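This is what each chain is made of:
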Amino acid sequence: MTVEEQFELLKRGTAEIVPEQALKDKLERSMKDGEPLRVKLGIDPTAPDIHLGFAVVLRKLRQFQDLGHNVVLIVGDFTAGIGDPSGRSETRPVLSADQIRANAETFTEQFWRILDKSRTELVFNGDWLGKMSFGDVVREASRVTVARVLERDDFQKRMNESRPIGLHELLYPIAQALDSVEIRADVEIGGTDQKFNILMGRDLQEAHGMEPQVGLFMPILPGLDGVQKMSKSLGNYIGINEPPNEMFGKVMSIPDSAMATYFELATDVPLDEVCAIEEGVADGTIHPMDAKKRLAYKITKMYHGEEAAQKAKTEFERVFSQRELPTEMPDVVIPADILKDGKIWLPKLLVAAGMAGSNNEAKRLIEQGAVTIDDECITDSSVDVEIRDGQVLRAGKFKFGRIRIG
């Protein structure tokens with residue numbers, strides 16, 4: 001591919017490239033010298049799973065790899081202990097070393113579902129940040145003014161609302177920027193919420209006499225509601241490790257307005273086809289349900305293969321179009337010793353079945369009319385329900401289980 005063709009491929013789906021000409025120059029020099037670019041992504045393992053929103057960035061990294069470049073994944077075992085303030089209205093809780101390590105292990109297992117392991121360097125920033133003396137920290141901090149750090153929107157907002165800002169949070173962008181200095185990054189990729197941190201990397205590289213990295217910013221993929229960013233903490237995410245049927249069903253639940261964004265950011269469907277689908281849905285020549293099935297099929301196939309995607313599509317049509325039960329559903333074992341006269345408080349049942357993470361989440365599902373036992377919808381979250389072997393418990397659109405008492 002020519003430099004221009006590479007650039008157009010890499011530009012697809014991006015929100016901004018800073019600066020664009022510098023990326024073209026780096027690509028041209030790489031082709032001329034035969035030296036791959038070092039493309040950086042920093043990840044703080046604050047949660048164990050990778051979802052489609054995070055996969056947007058990983059898929060962009062894979063494009064760089066397919067063009068012959070190398071990816072440097074920096075697992076922020078040190079910076080996760082500080083807490084990235086990006087997009088936060090309050091200070092992040094500090095994770096324990098055990099939590100960080102466990103999350104990092106789960107993360108690294110999932111990377112290779114998208115990235116080429118042979119072209120990926122995996123490093124931990126504790127290896128250099130953890131060895132810095134207090135004098136080293138002061139010296140690096142002296143390169144950045146307080147006014148510069150306070151430019152970031154989330155700090156401005158918190159100050160205006162009289163919310164506290166920890167001094168350690170002011171140091172976070174410096175720590176992330178030092179990662180770019182350490183690995184001599186040519187390009188750093190991140191979501192638009194990472195713009196301040198990535199541009200800080202350019203500043204510190206220049207202060208260390210290096211050529212500044214290019215910042216490549218990806219849009220934030222909306223979650224299942226089509227409005228808020230996809231987030232594990234908000235519960236509106238689609239994990240790349242989720243079973244095919246659940247993945248397919250969740251994609252089918254997104255609002256029609258979010259389809260084009262998902263096609264562009266979460267699939268490889270050519271942009272001219274995406275535009276044609278969008279126009280077809282708008283003028284009525286393509287039914288939104290058909291377009292969404294194609295989207296769900298594409299995404300499920302990407303992570304589970306063609307056969308699994310076809311089975312998920314067939315199962316979705318059978319269950320949701322024909323109102324039938326799934327052909328397969330897991331047994332949900334409810335310990336007999338938590339029952340009283342064969343009954344159990346409904347929110348407690350959902351938690352015991354693994355269909356809700358807490359009693360409060362279970363109450364919300366019940367009050368939204370999303371919980372049924374043998375097709376009987378229950379909306380009162382205060383009731384004790386009588387349960388028996390073989391009943392079908394359903395929570396939301398995608399979670400089914402056959403009750404077994406034991």
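Residues numbered from 1 in each chain as written. Predicted model: local features only at pLDDT ≥ 70, side-chain atom pairs only at ≥ 80, totals over all residues. Heavy atoms only, no water.

Undergrad: Before we go on, may I ask you to explain the pairing of strand 5 (residues 187-191) in this structure?
TA: Side-chain direction in a regular strand flips from residue to residue, so the side chains alternate between the two faces of the sheet. Burial analysis of strand 5 places 5 of its 5 residues in the buried class, the great majority of the element. Pairing of strand 5 with strand 6 (residues 214-218), which is carried by 5 bridges, proceeds in the parallel orientation. Opposite valine 187, over in strand 6, you have valine 214 as the bridge partner. Crossover connection from strand 5 via helix 10 (residues 195-207) to parallel strand 6: handedness right-handed. (Buried < 20%, exposed > 50% of the residue type's maximum accessible area, 1.4 Å probe, protein only. Helix = DSSP H or I, 4+ residues; strand = E, 2+ residues; numbered from the N terminus. Pairing = 2+ DSSP bridges. Right-handed = clockwise from strand over helix to strand, strands pointing away.)

Undergrad: What's the story with helix 17 (residues 359-367) in this structure? I'm lost.
TA: Structural remark: α-helix, 3.6 residues per turn; residues separated by three or four positions point the same way. For helix 17, every residue scored as buried is listed here: Ala362, Leu365 and Ile366. Seen end-on, helix 17 carries its buried residues on one side only, within an arc spanning 100°. Residues of helix 17 that are exposed and point more than 90 degrees away from the buried face comprise Asn360 and Glu367. Buried residues belonging to helix 17 abut helix 16 (346-352), strand 9 (371-373) and strand 12 (392-395). With its phi angle positive at about 75°, glycine 369 sits one or two positions after the end of helix 17. (Arc of directions from axis to C-beta. Contact = heavy atoms within 4.5 Å.)

Undergrad: Would you take a moment to explain the pattern of salt bridges for this structure?
TA: As a working rule, side chains carrying opposite charge can pair if their charged atoms are close by. In this structure the tally under the stated criterion is 27 salt bridges. Lysine 11 is the partner of glutamate 20 in a salt bridge, and the nearest nitrogen-oxygen pair spans 3.5 Å. Take lysine 11: its relative accessible area is 32%, and that puts it in the partly exposed class. Several salt bridges converge on common partners, so that one network encompasses Lys26, Arg29, Asp186 and Glu211. (Salt bridge = Lys/Arg side-chain N within 4 Å of Asp/Glu carboxyl O.)

Undergrad: Quick question: what am I supposed to make of the environment of glutamate 28 here?
TA: Along the chain, the position of glutamate 28 falls in helix 2 (residues 20-33). Separated by 100 residues in sequence, glutamate 28 and tryptophan 128 have C-alpha atoms that sit 31 Å apart.

Undergrad: Even after reading the chapter, I still don't get unusual backbone geometry, so can you show me in this structure?
TA: Excluding glycine, residues mostly have negative phi values, and the peptide bonds linking residues are mostly trans. With an omega dihedral of -15°, the bond running from valine 18 to proline 19 counts as a cis peptide bond. Relative to the elements of secondary structure, proline 19 occurs in the loop between strand 1 (16-18) and helix 2. Backbone geometry at arginine 184 places phi at a positive 55°, although glycine is not the residue there. One non-glycine residue, aspartate 341, lies in the positive phi region at around 55°. Assignment of secondary structure puts aspartate 341 in the loop between strand 7 (331-334) and strand 8 (343-345).

Undergrad: How do you make sense of the packing of helix 3 (residues 52-66) against helix 14 (residues 288-304) when you look at a structure like this?
TA: What describes two packed helices is the angle between their axes and the distance between those same axes. Two numbers describe how helix 3 lies on helix 14: the axes approach to 14 Å, and their chain directions differ by 70°. Viewed along their axes, helix 3 and helix 14 adopt a mutual orientation that is roughly perpendicular. Along this stretch, helix 3 crosses helix 14, giving a crossing that reads as left-handed. Contacts from Leu52, Ala55 and Arg59 in helix 3 reach Ile299, Met302 and Tyr303 in helix 14. Within the contact of helix 3 with helix 14, the residues separate by chemical class into 5 nonpolar, no polar and 1 charged. (Axes fitted to C-alpha atoms, helices over the stretch in contact; angles between N-to-C directions. Parallel < 35°, antiparallel > 145°, perpendicular 65-115°, else oblique. Left-handed = near helix turned anticlockwise from the far one by under 90°. Nonpolar A, V, L, I, M, F, W, Y, C, P; charged D, E, K, R; others polar.)

Undergrad: Explain the side chain of glutamine 65 to me, please; I cannot follow it from the model alone.
TA: Its location among the elements puts glutamine 65 in helix 3. You can call glutamine 65 buried: its relative accessible area is 3%. Separated by 3.1 Å, the side chain of glutamine 65 and the backbone oxygen of arginine 119 make a polar contact. Look past the residues within four positions of glutamine 65 in its chain and what remains in contact with it is Val71, Leu115, Asp116, Arg119 and Thr120. (Polar contact = N/O pair within 3.5 Å; in protein donor to acceptor, adjacent residues only side chain to side chain.)

Undergrad: When you look at the sheet that holds strand 12 in this model, what are you seeing that I'm missing?
TA: Hydrogen bonds between backbone atoms are what pair the strands of a sheet, whose relative direction is either parallel or antiparallel. Spatial strand order, 7-13-12-9-10: 5 strands in an open sheet with mixed pairing. Looking at strand neighbours, the two that pair on one side only are strand 7 and strand 10 (376-377), the edges of this open sheet. The pairing of strand 7 with strand 13 (residues 399-405) spans 4 bridges and is parallel. Bridge assignment links isoleucine 334 to a residue of strand 13, and that residue is isoleucine 405.

Undergrad: What is the right way to look at the environment of leucine 365 in this model?
TA: Within the secondary structure, leucine 365 is located in helix 17. Of the residues examined, leucine 365 reaches a relative accessible area of 17% and is grouped as buried. With 172 residues separating them in the primary sequence, leucine 365 and aspartate 193 have C-alpha atoms 31 Å apart. Setting aside residues up to four positions removed in sequence, leucine 365 forms contacts with Met355, Ala356, Ala370, Val371 and Ala395.

Undergrad: Please clarify how the sheet that holds strand 3 (residues 70-75) should be interpreted in this entry.
TA: Taken in spatial order, the 6 strands of this open sheet run 1-6-5-2-3-4, and their pairing is mixed. In this open sheet, the two strands that pair with only one neighbour each are strand 1 and strand 4 (120-124). Neighbouring strand axes in the sheet, compared pairwise and without regard to direction, differ in orientation by 20° on average. With 3 bridges connecting them, strand 1 and strand 6 associate as antiparallel partners. The partner of isoleucine 17 across the bridge, within strand 6, is leucine 216. Here helix 10 sits on the sheet and contacts strand 1, strand 5 and strand 6; the angle it forms with strand 6, its principal contact strand, is near 170°.

Undergrad: Looking at this structure, I do not really get the packing of aromatic side chains. What am I missing?
TA: Centre-to-centre distance and the angle between the planes together describe a pair of aromatic rings. What the rule picks out here adds up to 2 aromatic pairs. Between phenylalanine 111 and tryptophan 112 the ring centres are 6.1 Å apart and the planes differ by 70°, which places this aromatic pair in the edge-to-face class. Taking relative accessible area as the criterion, tryptophan 112 reaches 27% and is therefore assigned partly exposed. For the pair phenylalanine 248 and phenylalanine 316, a centre-to-centre distance of 5.6 Å together with 50° between the ring planes defines the contact as tilted. Of this pair, phenylalanine 248 sits in helix 11 (residues 244-252) while phenylalanine 316 sits in helix 15 (residues 306-321); the two residues are 68 residues apart in sequence, bridging distant segments of the chain. On the basis of relative accessible area, phenylalanine 248 is assigned to the buried category, the value being 0%. The exposure class of phenylalanine 316 is buried, given its relative accessible area of 11%. (Phe/Tyr/Trp six-rings, centres within 6.5 Å; stacked < 30°, edge-to-face > 60°.)

Everything listed is a geometric property; what it means functionally is a separate question.
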